[in-house]
Amino acid sequence: MRDEGVVKYSLKYNQTDVIAKKECKKIENVRARLFSLGLIGAYSDGIGFGNISVRYKKKNSFVITATQTGELPKLSPKYYSFVKKVDFKKFTTYAMGPSKPSSEAITHACIYNLDPDIKAVIHIHNEKIWDYMLKNNYLSTKDTPYGTPEMVEDVNNIYKNINPFLNNAFVMKGHFEGVVTFGKSLKDAEKTLYEIIKKLLK
């Protein structure tokens, strides 16, 4: 059974008006392209997949697409969430904004914690890309579910002795079709994804 769209962390959420419109617009520009490629979307059962986030200024806060928005071709700022912080010990996400954050928010937070210069994270779904990365020895998490303490531990472990900017993509072995890229900007994260796709198409 596919495991998708379920928030597994404890969420402390305050509904507010739109926050960080500038960041929402940046994400939307990239998201529109990825949606058109089918890398963000929804399965036949209506469960959405794919999410994008950007760090907010120089803080550990970030703006992320809201939960279950994958099927929407365009997102207005009301479909974004502002994650103030994540307490990994309590496995709790503190968020605010017009919508609740993606079920993958805890994984995004973990990636931002790897290096303060990481400014954006992209998570897409595609079986061919996922399979290609697994078969070609890309960095990979273990066979663990998304959004869990085990996934956070896996991400921390694979980057323990690695410069994240020289290896800014990994495949989520335990999360079917799940692929993550990140970078010093959204442009960097998107470029890394397209480079993998180009290799796949050769």
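Details of the structure are given in the entry above.
If you're wondering where the values come from, they're calculated on a predicted model, not measured in any experiment.

Q: So what exactly am I meant to see when it comes to the nonpolar core here?
A: Note that soluble globular proteins tend to have their nonpolar side chains buried in a common cluster. Ranked by internal contacts, the top residues of the largest apolar core, which has 29 residues, are Leu34 and Ile124. Of all the elements in the fold, those that place two or more residues in this core are α1 (21-36), β4 (51-55), β6 (80-87), β8 (120-125), α3 (127-135), β9 (169-171) and α5 (186-201). It is α5 that contributes the most residues to this core, five residues altogether. Setting aside its immediate chain neighbours within four residues, Ile124 contacts Leu34, Leu39, Ile40, Gly50, Ile129, Glu177, Gly178, Val179 and Leu193. Judged by nonpolar contacts, the second largest core, of 26 residues, contains Val86, Val121, Val152 and Ile158.

Q: What is the right way to look at helix α2 (residues 105-114) in this model?
A: What sets the pattern is the α-helix's 3.6 residues per turn: residues three or four places apart point alike. Most of α2 sits inside the fold, with eight of its ten residues counted as buried. Taken as a whole, α2 has its buried residues at Ala105, Ile106, Thr107, His108, Ala109, Cys110, Ile111 and Tyr112.

Q: Just to check I follow, could you spell out the environment of Ile40 for this structure?
A: Positionally, Ile40 belongs in the loop between α1 and β2 (41-42). You can call Ile40 buried: its relative accessible area is 2%. Apart from residues lying up to four places away in sequence, Ile40 is in contact with Arg31, Leu34, Phe35, Phe49, Gly50, Ile52, Gly70 and Ile124.

Q: How do you make sense of the environment of Ser185 when you look at a structure like this?
A: Tracing the backbone through its elements, the reader meets Ser185 in the loop between β10 (178-183) and α5. If sequence neighbours within four positions are ignored, Ser185 has contacts with Lys119 and Ala120. Separated by 3.1 Å, the side chain of Ser185 and the backbone nitrogen of Asp188 make a polar contact.

Q: Would you mind showing me how to read the pairing of strand β5 (residues 62-65) here?
A: The side chains of a regular strand alternate, residue by residue, between the two faces of the sheet. Along β5, one buried face is formed by Phe62 and Ile64 and the opposite face, lined by Val63 and Thr65, is buried too. As paired elements, β4 and β5 share three bridges and run antiparallel to each other. Within β5, the position partnered with Ser53 by the bridge is Ile64. Hairpin connection from β4 to β5: six residues lie between these consecutive antiparallel strands, with Lys57 at a positive phi of about 55°. Sheet analysis places β5 next to β6, joined by four bridges and oriented antiparallel. Across the sheet, the residue bridging to Phe62 is Val83, located in β6.

Q: What exactly am I supposed to notice about helix α4 (residues 149-158) here?
A: Taken together, the buried positions of α4 are occupied by Met151, Val152, Asp154, Val155 and Ile158. Taken around the axis of α4, the buried residues stretch over an arc of 160°, which confines them to a single face.

Q: Is there a simple way to think about the pattern of salt bridges in this case?
A: Think of it this way: side chains of opposite charge can pair up when their charged atoms draw near. In total, this model carries three salt bridges according to the counting rule given. The salt bridge involving Lys119 is made with Asp117; its shortest N-O contact spans 3.9 Å. For Lys119, a relative accessible area of 26% translates into the label partly exposed.

Q: Help me understand the packing of α1 against α5 in this model?
A: A pair of packed helices is captured by two measures, namely the crossing angle of their axes and the spacing between those axes. Where α1 contacts α5, the two axes come as close as 11 Å, and the packing angle between them is 15°. Our classification of the angle between α1 and α5 gives roughly parallel. Considering only the axes of α1 and α5, their crossing is right-handed. Taken together, the residues of α5 that come into contact with α1 (itself represented by Lys26, Ile27, Val30, Arg33 and Leu34) are Leu186, Glu190, Leu193 and Tyr194.

Thresholds, definitions, all that
Residues numbered from 1 in each chain as written. Predicted model: local features only at pLDDT ≥ 70, side-chain atom pairs only at ≥ 80, totals over all residues. Heavy atoms only, no water. Core = buried A, V, L, I, M, F, W, Y, C linked by side-chain atoms within 4.5 Å. Buried < 20%, exposed > 50% of the residue type's maximum accessible area, 1.4 Å probe, protein only. Helix = DSSP H or I, 4+ residues; strand = E, 2+ residues; numbered from the N terminus. Contact = heavy atoms within 4.5 Å. Polar contact = N/O pair within 3.5 Å; in protein donor to acceptor, adjacent residues only side chain to side chain. Pairing = 2+ DSSP bridges. Arc of directions from axis to C-beta. Salt bridge = Lys/Arg side-chain N within 4 Å of Asp/Glu carboxyl O. Axes fitted to C-alpha atoms, helices over the stretch in contact; angles between N-to-C directions. Parallel < 35°, antiparallel > 145°, perpendicular 65-115°, else oblique. Left-handed = near helix turned anticlockwise from the far one by under 90°.

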